[in-house]
Amino acid sequence: MADAGMTDSDWHTAEDLMQSCLGKLHRVWHRLDTSSEPDAYLRRILINTHRSWWRARRRREIPRAQLPDLPGPGDLGDEGAAAQDVRSALVKLPSRQRTALVLRFFVDLSEAEVAELMGCSVGTVKTHTHRGLQAMRRLIPPAAPVNRTETERSGVL
């Protein structure tokens, strides 16, 4: 997964985000109980910092009278188009469903770990995941490669 459809600026932003989170972790390290795993605490810092950056970026957006020409989903190739379909569908989901799906399938956490991070029960995570997957299947076009079954050579969803 060398590229995953990210641009250079995305990689730089990810590196900046991780550096910022590690700095925050370093500042509170002396207060942490390091006998348990500090990974969950770091993931929480990562999620909160990313949300904060995202909110700040949304407040800085400048409305424009005319939008620049951007490549459409058909210009991205099959993998890029599939990734764009998934991103577009994820953005339309309620935040709890989106969070559950991203932590379960992109970060590859167990239901118990996701429940702990989200501050809810495992059953709630299962419900958010199930409803999120149902919504994703409705939102992504049926012809998209991510909506094919295993027999059709794609098991993404």
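Note on numbering: residues in each chain are counted from 1, in written sequence order. Predicted model: local features are reported for residues with pLDDT of at least 70 only, side-chain atom pairs are reported and counted for 80 or more only, and whole-chain, interface and lining totals are derived from all residues. Side-chain numbers here rest on the full set of heavy atoms in the structure, without hydrogens or water.

Trainee: Let's hear about the overall build of the protein: which residues, and what values?
Mentor: Numbered from the N terminus, helices here are DSSP runs of H or I no shorter than four residues, and strands are runs of E no shorter than two. Assigned secondary structure in the protein consists of six helices and zero strands. The N-to-C order of helical and strand elements in the protein reads α-α-α-α-α-α. Three labels apply to residues, based on accessible area from a 1.4 Å probe with only protein chains included: buried if under 20% of the type maximum, exposed if over 50%, partly exposed otherwise in between. The buried share among the 157 residues of the protein stands at 25%. Contact between two residues is taken to exist if any of their heavy atoms lie within 4.5 Å; hydrogens are not considered. Sequence-distant contacts in the protein: of pairs separated by 6 or more residues, those separated by 24 or more amount to 50%. Throughout, the Shrake-Rupley method with a 1.4 Å probe supplies accessible areas, and for residues the shown protein chains are the sole cover considered. Here the protein displays about 11,600 Å² of accessible surface, and carbon together with sulfur accounts for 53% of that area.

Trainee: How would you explain the packing of helix α4 (residues 95–106) against helix α6 (residues 122–139) if you had to name every residue and give the values?
Mentor: When two helices pack together, their arrangement is given by the angle between their axes and by how far apart the axes lie. Where helices are involved, their axes are fitted lines through C-alpha atoms of the stretch in contact, as for all axes, and angles between N-to-C directions lie from 0 to 180°. Interaxial distance between α4 and α6 falls to 8 Å at its minimum, and their mutual angle equals 95°. As far as their axial angle goes, α6 and α4 are roughly perpendicular. Along its contact with α4, which presents Arg 96, Gln 97, Ala 100, Leu 101, Arg 104 and Phe 105, the element α6 presents Val 125, His 128, Thr 129, Arg 131, Gly 132, Leu 133, Ala 135 and Met 136. Under the grouping applied here, Gly and all other residues not named as nonpolar or charged are polar, the nonpolar ones being Ala, Val, Leu, Ile, Met, Phe, Trp, Tyr, Cys and Pro and the charged ones Asp, Glu, Lys and Arg. By residue class, the composition of the contact of α4 with α6 is seven nonpolar, four polar and three charged. Small angles under 35 degrees read as roughly parallel and large ones over 145 as roughly antiparallel, with 65 to 115 read as roughly perpendicular and the rest as oblique.

Trainee: A description of a nonpolar patch on the surface should follow, citing residues and the corresponding values.
Mentor: Residues enter patches when they are more than 30% accessible in relative terms and free of salt bridges; like-charged ones are connected within 9 Å and nonpolar ones (Val, Leu, Ile, Met, Phe, Trp, Tyr) within 5 Å. One speaks of a salt bridge when a side-chain nitrogen belonging to Lys or Arg is within 4 Å of a carboxyl oxygen belonging to Asp or Glu. Where nonpolar side chains cluster on the molecular surface, the patch consists of Phe 105, Phe 106 and Val 107 and spans about 320 Å² of accessible area. Position of Val 107 among the secondary structure elements: in the loop between α4 and α5 (111–118). A relative accessible area of 39% places Val 107 in the partly exposed class.

Trainee: Describe the side chain of Arg 104, listing the residues and the values that go with them.
Mentor: Following the sequence through the fold, Arg 104 ends up in helix α4. Buried charged residue Arg 104 carries no salt bridge. Nearest counter-charge: Glu 111, at 4.1 Å. Here a polar contact means two N or O atoms within 3.5 Å. Within protein one must be a hydrogen donor candidate and the other an acceptor candidate, and residues neighboring in sequence count only if both atoms are side-chain atoms. Among the polar contacts listed, one links the side chain of Arg 104 to the backbone oxygen of Leu 109, at a separation of 2.7 Å. For Arg 104, the contacting residues outside a window of four places in its chain are Leu 109, Ser 110, Glu 111, Val 114, Val 125 and Thr 129. All tallies of charge rest on Lys and Arg as positive and Asp and Glu as negative; His and the ends of each chain are not included.

Trainee: Which residues make up the confidence of the model for the protein, and what are the values?
Mentor: Of all residues in the protein, 73% attain a pLDDT of 70 or more, and the chain-wide mean is 78. Each residue carries a pLDDT value, the predictor's own confidence for that position, ranging from 0 to 100. Contacts for the low-pLDDT stretch residues 1–6, under 50 throughout, to residues beyond four places or in other chains number five contacts. With pLDDT under 50 throughout, residues 153–157 is counted as low confidence; its partners more than four residues away or in other chains account for 14 contacts.

Trainee: Go over the packing of aromatic side chains with me, naming the residues and quoting the values.
Mentor: Under the pairing criterion, centres of Phe, Tyr and Trp rings, with the six-membered ring standing for Trp, must be within 6.5 Å; the plane angle then separates stacked pairs below 30 degrees from edge-to-face pairs above 60, leaving the rest tilted. Counted by the stated rule, this structure contains zero aromatic pairs. A cation sits over an aromatic face here: Arg 104 above Phe 105, 5.6 Å from the ring centre. Charges are assigned to positions over rings by a cutoff of 6 Å between ring centre and Lys NZ or Arg CZ, combined with an angular limit of 35 degrees from the ring normal.

Trainee: Describe unusual backbone geometry, and please don't skip the residues or the numbers.
Mentor: Note: most residues except glycine have negative phi, and most peptide bonds are trans. A positive phi angle is found at Asp 108, which is not glycine, with a value near 65°. Turning to its location among the elements, Asp 108 is positioned in the loop between α4 and α5. Given a relative accessible area of 64%, Asp 108 falls into the exposed group.

Trainee: Kindly report on the packing of α5 against α6, identifying the contributing residues and their values.
Mentor: Where α5 meets α6, the closest approach of the two axes is 8 Å, and the angle between their N-to-C directions is 100°. Between α5 and α6, the angle falls in the class roughly perpendicular. Side by side, α5 and α6 meet where Glu 111, Ala 112, Val 114, Ala 115 and Met 118 of the first sit next to Val 122, Val 125, Lys 126 and His 128 of the second. Per-class residue counts for the contact of α5 with α6 are six nonpolar, one polar and two charged.

Trainee: A description of α4 should follow, citing residues and the corresponding values.
Mentor: The end-to-end C-alpha separation of α4 is 15 Å, in line with the 16 Å expected for 12 residues at 1.5 Å each. Taken as a whole, α4 has its buried residues at Gln 97, Thr 99, Ala 100, Leu 101, Leu 103 and Arg 104. Two residues or fewer past α4, Asp 108 is found with a positive phi of approximately 65°. Here, expected helix span is obtained from the residue count minus one, scaled by 1.5 Å.

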